[in-house]
Amino acid sequence: MHSIYKGILFIAVILTSAYTAVAQTDTIPPLSIDPALQEIYQSRIPKEYTIADIVVRGTQAFDPNLITSISGLAIGDKIQIPGTDAFTKAITKLWKQNLISDVKIYLTRLVGQDVYVLIEITERPRLAEFKFEGVKKGERDDLEGKVGLSKDRVVTENMKRSAVEIIDKFYSEKGYRNVQIDVKEDTVAGLNNAVSLTFTIDKGNKVKVSSVNFSGNENVQENKLKKQMKGTKEMTRITLFPPKVNSPYGDTIIPPSFKEYIQDAGFLSISKTKTYIDPYFRFKLFSSAKFNEAKYTEDKDNVLQYYNAQGFRDAVIVADTQTINNAGNLDVHVKVNEGRKYYFGDITWRGNTKYGDSILNLFLGIRKGDTYNLDILNKRLGKQLSAEGGDVSSLYMDDGYLFFRVDPVETAVYNDTIDFEIRMTEGPQATYGNISVSGNDKTKDYVIRRELRTVPGEKFSRADIIRTQRELSQLGYFNPEKIVPNVVPNAENGTVDINWQVEEKSADQLELSAGFGGGIGLTGTLGVSFNNFSLKNINKGSTWDPLPSGDGQKLSARFQSNGRAFRSYNLSFNEPWLGGKKRNSFTVSFFNTKQSNAFNQFGQYCKACGDTSYIKNIGFGLSLGKQLKWPDDYFNLIYSLNVQQYKLENYGQLFQGLSNGTSTNISLKIALLRNSAGPNPIFPTSGSNFLMSGQFTLPYSLMGIVSETDNQYKLPEFHKWRFTGEWFVPIGKARGAEKNKQFILKAAAKYGFIGKYNSNLEVSPFERFQVGDAGLNNNFAILGYDIIAHRGYPIYETSDPRINPENITPRDFFTIFNKYTLELRYPFSTSASSTIYGLAFFEAANGWYSFKDYNPFKLRRSAGIGMRFFLPMFGLLGFDYGIGFDRYSQKGGLKSAGKFTFMLGQEPE
């Protein structure tokens, strides 16, 4: 205890002496030392004193009371001298704040048992401004948001060091590994205790990965290991000059112009004695070959995971290094120790009572002698949950066994074989308990609940949850990525509560365009679609915003005008749950269209012409759909009745021999469809979509209602068949934070045929197939032709791919068509506010007039690229550029074969 007192006495004396020295500076006025203070430090017996006053000196920006508060000292505190550590703690607390660069504490006076304390501080300077030199403006803007600096912030060494590290990391991720950063601190004139920081940055040359080299890989080829390094790609090698024998770089004589070029490109190295050129020109075409430390670390893990998947569970990376070559680029060297390759041995089951070993072995799909792969084992057991199912856990969980548990245990390892025992705990079957929904401010609860397959009291099923997520996503009212089933198991009573959490998004759409043409007048389109409409609240003014909503119905209205030459309006209403108890859809629609020949023979607008030469099309449709239970509940059966009446007045441009009269087209359509594509209806990532339909009129000529000599346009007769099949398959594996970004392959096949009942009549000119283009530029859409788009081609009129159309009429449209499509899609955004994806496509299609000419192998082929943008307010927009291979000519080149297409509203057929 005596030594401690002496130590404290020593500190106190130092503090007092320091005050004596500083007291003669300009900062603190000279003070005489109270002789009584000498006695305090000379005493060996601790005495208690009271702090009578605290004075703070040296503050500029801080309040003295704040400094006193931070120190922890207070007037009236009792301290023992020698023996107190209050002053040491006060200094430590002030220092930890990083607000000051120096602090001293003095005892200035002693009156009886009262001591007077002086705290002297030197504040750290504050940041007035900071800037970056030696880099581009765009990089400066990026750095300003990353370094975390802000004006009026206290400047510390740690702050500067942190900023330098962030700058270095910023450029390191861009491939600059030799960045030099100089930090200069200057006092700002006119400001009190303020400084500016200038970061001078020398990025140096960008360092790219020239090569990735593996050693020790005796069983796995190097190129397979390189494929696992997704984030560490080497530049492509192309031989420029043959190197000299026994020399990595040849002493090549380089033309001056080429020498300058490759030196600028970073492929030339100049030493004091010789100029060397790398004999292999390296470049990266579509992605950067920069070196990223974080991605490199992840890539090394990927390499080991790949080894494990090949049975080398003991594989390790012994060493890895990076070296700079003569061209200034990076050579990466990775040394591996593969170890022994292992195989699965005997696999036994323990604890299974619901299913026998044979069924479980079938789901596991692993046999004795298969290459050892722990990831595959865990995936087949369902320890890595996936939406696809088909694993052991899914087998149990789809049958109510929510509390099911499975653990693979190694029981023996001998030579290169590993035996496993799969230990299972089946647990009781669970039932759904309380089911609730949240997050739906506009959509009514019952609209969501009728889509739920998680019904209270029924047996729990994992498949029900996955299917419900798809059904809610298909509604289009919610963000697909934010549909979350919050599952709360209750092991005590064997139930599971689920709260379905959703996030609503805008589902309504607006289409608006306008223009004005001389002589034509106002042109434009106005269309609205309310996709979550409420008919029963139509009389309640308080629910209009802008129309009543929340009941899941759909109301669409559209008006289009091309001045006095064309006008059309359409109205439709859809109820997806007619009656509210079953998924029986009901749709009613009405349309009225008029197209006038409002121009004379000179191409000039003629009002009188438009009044006397026109075609009108008025019609309505009724459809009733029913969800089927067999073969499964993805199937739907839809019946549609369509009535259209055409009235022609001096309008002979469409059909030969018909310019005046009325034609009535009445048909019944039956469609069977199965749609399991999803979960996002705009960008499906899995599943399929099939449609088979038949459309029929009455055989009027065979029934004697009309004779064979009558005009066949009066009551057209036909039978029409359609088939569509689409598949969506994910390609590759999504990695890291981009788990929702993955290539999707879409494959589609389509077929159509329209026939006749009476062999003595021609096939009806109505309801044929228009093939080619994007489906937007169809002057005869008024007649209801099926528009089959073919990117890279205009609308074509014959089955000969060498012939392109000029003047085409509905009689020239096809009675048979085939179309095949392959699309590779990649999403750039799948958020609720916008879905954006790019695609590359290959298409083949053609049309024929009869089965006699039909040749499914004679197809027009095209390929190209495109983009899709889905904005909730405006719907789907698409741009494609396709090259029709069968339009190519030596004279016109690719330009003659290329065609740009635009689509709006929905994907064309």
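Nothing here was measured: the structure is a model prediction, and the numbers come from that model.

1. Some points on the overall build of the protein chain
Check the secondary structure of the protein chain and you find 17 helices and 38 strands. Within the protein chain, contacts between residues at least 6 apart in sequence are counted, and of these 61% link residues at least 24 apart. Summing over all exposed atoms, the protein chain offers an accessible surface of approximately 47200 Å²; the carbon and sulfur share of this is 53%.

2. Structural notes on the nonpolar core
Counting 26 residues, the largest nonpolar core has V117 and I119 as the members making the most contacts within it. Put simply, the parts of the chain that give this core at least two residues each are α2 (35-42), β1 (47-57), α3 (64-71), β2 (78-81), α4 (86-96), β3 (100-111) and β4 (114-123).

3. Observations concerning the packing of aromatic side chains
Going through the model one piece at a time under the given rule, you end up with 30 aromatic pairs. When the ring of Y432 is compared with that of F460, the centres are 5.7 Å apart and the planes differ by 55°; the resulting orientation is tilted. One end of the pair, Y432, is in strand β18 (residues 431-438); the other, F460, is in the loop between α13 (445-449) and α14 (462-475), and 28 residues separate them in sequence. Considering the side-chain rings of Y826 and F828, the 5.7 Å spacing of their centres and the 75° angle between planes classify their relative orientation as edge-to-face. For F828, a relative accessible area of 46% puts it in the partly exposed group.

4. A few points about the side chain of R860
Positionally, R860 belongs in strand β36 (residues 860-871). Engagement of the side chain of R860 in a polar contact is seen with the side chain of N846, the distance being 2.7 Å.

5. Side note on helix α9 (residues 293-309)
Along its 17 residues, α9 runs 24 Å from first to last C-alpha, staying within 8% of the 24 Å computed at 1.5 Å per residue. For α9, the set of buried residues is Y296, D299, K300, N302, V303, Y306 and Y307. End-on view of α9: buried residues confined to an arc of 160°, all on one side of the axis. On its buried face, α9 sits against β8 (209-215), α7 (222-228), β13 (316-324) and β14 (330-337). Looking at where α9 begins, the residue whose side-chain oxygen comes 3.0 Å from the main-chain nitrogen of A294 is N292.

6. Quick notes on the sheet that holds β14
Pairing within the open sheet is mixed, and its 3 strands lie in the order β8-β14-β13. Each edge of the sheet is formed by a strand with only one pairing partner; in this case those strands are β8 and β13. The sheet shows a mean angle of 15° between the axes of neighbouring strands, taken without regard to direction. One ladder, built from 8 bridges, connects β13 with β14; its direction is antiparallel. Within the sheet, the bridge partner assigned to D320 lies in β14 and is V334. Sitting on the sheet, α9 touches β8, β13 and β14, and the angle it makes with β13 is about 145°.

7. Focus: the pattern of salt bridges
Evaluation of the coordinates by the stated rule reveals 38 salt bridges. With a closest N to O distance of 2.7 Å, E843 and R791 form a salt bridge. Here E843 is found in strand β35 (residues 835-848), whereas its partner R791 is found in the loop between β33 (786-788) and β34 (816-830), with 52 residues between them in sequence. The exposure classification of E843 matches that of R791, with both residues buried. Residue D880 is joined to R868 by a salt bridge in which the shortest nitrogen-to-oxygen separation is 2.9 Å.

8. Side note on the sheet that holds strand β20 (residues 495-501)
Ordered in space as β18-β20-β19, the 3 strands form an open sheet in which the pairing is mixed. Sheet topology places β18 and β19 (484-490) at the edges, where each strand pairs with a single neighbour. Within this sheet the neighbouring strands show an average axis-to-axis angle of 20°, counted without direction. Here β19 runs beside β20; their pairing, made up of 7 bridges, is antiparallel. Pairing of V484 across the sheet is with Q501, part of β20. Where α14 meets the sheet, its contacts fall on β18, β19 and β20, and the angle it forms with β20 comes to roughly 15°.

9. Here's the deal with the environment of S764
In this fold, S764 is placed in the loop between β31 (743-755) and β32 (769-771). Linking S764 and Y713, residues 51 residues apart in sequence, is a C-alpha distance of 8.0 Å. Polar contacts involving the side chain of S764 include one to the main-chain amide nitrogen of F766, which spans 3.0 Å.

10. Some thoughts on the environment of Q906
In this fold, Q906 is placed in the segment after β38 (898-905). Separated by 28 residues in the primary sequence, Q906 and G878 have C-alpha atoms spaced 8.8 Å apart.

11. Quick word on the pairing of strand β25 (residues 584-596)
As paired strands, strand β24 (residues 566-575) and β25 are joined by 10 bridges and run antiparallel to one another. What sits directly across from Y569, in β25, is N592. Across 13 bridges, the pairing between β25 and strand β26 (residues 614-627) is antiparallel. Note that in β26 the partner of T587 across the bridge is S623.

12. Concerning the pairing of β8
Within β8, 5 of the 7 residues are buried, which leaves it mostly tucked inside the rest of the structure. Alignment of β8 against β14, held across 6 bridges, turns out to be parallel. Residue pairing across strands places V209 opposite L330, the latter belonging to β14.

13. Topic: the confidence of the model for the protein chain
Per-chain confidence: the protein chain averages 82 in pLDDT, with 81% of residues scoring 70 or above. Between the elements of the protein chain, mean pLDDT differs from a low of 35, seen in helix α1 (residues 2-22), to a high of 96, seen in strand β29 (residues 687-696). Per-residue pLDDT stays below 50 along residues 238-287; that stretch engages in 75 contacts with residues further than four places along the chain or on separate chains. Below a pLDDT of 50 lies the segment residues 801-808, which in the model reaches 23 contacts outside its immediate sequence neighbourhood of four places, other chains included.

14. Structural notes on unusual backbone geometry
Cis rather than trans, the peptide bond between W630 and P631 has omega equal to 0°. Here P631 is to be found in the loop between β26 and β27 (635-649). Phi at N193 is positive, roughly 55°, even though this residue is not glycine. The backbone phi angle of E767 is positive, close to 65°, even though this residue is not glycine.

15. Quick look at the packing of α3 against α4
At a minimum axis distance of 8 Å, the contact between α3 and α4 shows a crossing angle of 120°. Contacts between α3 and α4 pair I67, I70 and S71 from the former with A90, K93 and L94 from the latter.

16. Some details on α14
Between its first and last C-alpha, α14 extends 21 Å over 14 residues, near the 20 Å set by a 1.5 Å rise per residue. Where α14 is concerned, the buried positions are R462, D464, I465, R467, T468, R470, E471, L472 and S473. Here α14 starts with a cap whose side-chain oxygen sits 3.3 Å from the backbone nitrogen of A463, and that cap is S461.

17. Focus: the packing of helix α5 (residues 137-146) against helix α6 (residues 157-172)
Two elements in contact, α5 and α6, have axes whose closest approach is 10 Å; the angle formed by their N-to-C orientations is 130°. In terms of their interaxial angle, α5 and α6 are classed as oblique. Where α5 crosses over α6, the handedness of that crossing is right-handed. Each of E139, D142, L143 and K146 in α5 lies in contact with α6, whose residues at this interface are I166, I167, F170 and Y171. Its residues assigned to classes, the contact of α5 with α6 comprises 5 nonpolar, no polar and 3 charged.

18. What to know about the environment of T724
As for its position among the elements, T724 is in strand β30 (residues 719-731). For T724, a relative accessible area of 10% corresponds to the buried category. Those residues within four positions of T724 in sequence are excluded, and the remaining contacts are N689, F690, L691, A749 and K750.

About the thresholds
- Residues numbered from 1 in each chain as written.
- Predicted model: local features only at pLDDT ≥ 70, side-chain atom pairs only at ≥ 80, totals over all residues.
- Heavy atoms only, no water.
- Helix = DSSP H or I, 4+ residues; strand = E, 2+ residues; numbered from the N terminus.
- Contact = heavy atoms within 4.5 Å.
- Areas by Shrake-Rupley, 256 points an atom, 1.4 Å probe, with all protein chains shown as cover.
- Core = buried A, V, L, I, M, F, W, Y, C linked by side-chain atoms within 4.5 Å.
- Buried < 20%, exposed > 50% of the residue type's maximum accessible area, 1.4 Å probe, protein only.
- Phe/Tyr/Trp six-rings, centres within 6.5 Å; stacked < 30°, edge-to-face > 60°.
- Polar contact = N/O pair within 3.5 Å; in protein donor to acceptor, adjacent residues only side chain to side chain.
- Expected span 1.5 Å × (residues − 1).
- Arc of directions from axis to C-beta.
- Pairing = 2+ DSSP bridges.
- Axes fitted to C-alpha atoms, helices over the stretch in contact; angles between N-to-C directions.
- Salt bridge = Lys/Arg side-chain N within 4 Å of Asp/Glu carboxyl O.
- pLDDT = per-residue confidence, 0-100.
- Parallel < 35°, antiparallel > 145°, perpendicular 65-115°, else oblique.
- Left-handed = near helix turned anticlockwise from the far one by under 90°.
- Nonpolar A, V, L, I, M, F, W, Y, C, P; charged D, E, K, R; others polar.

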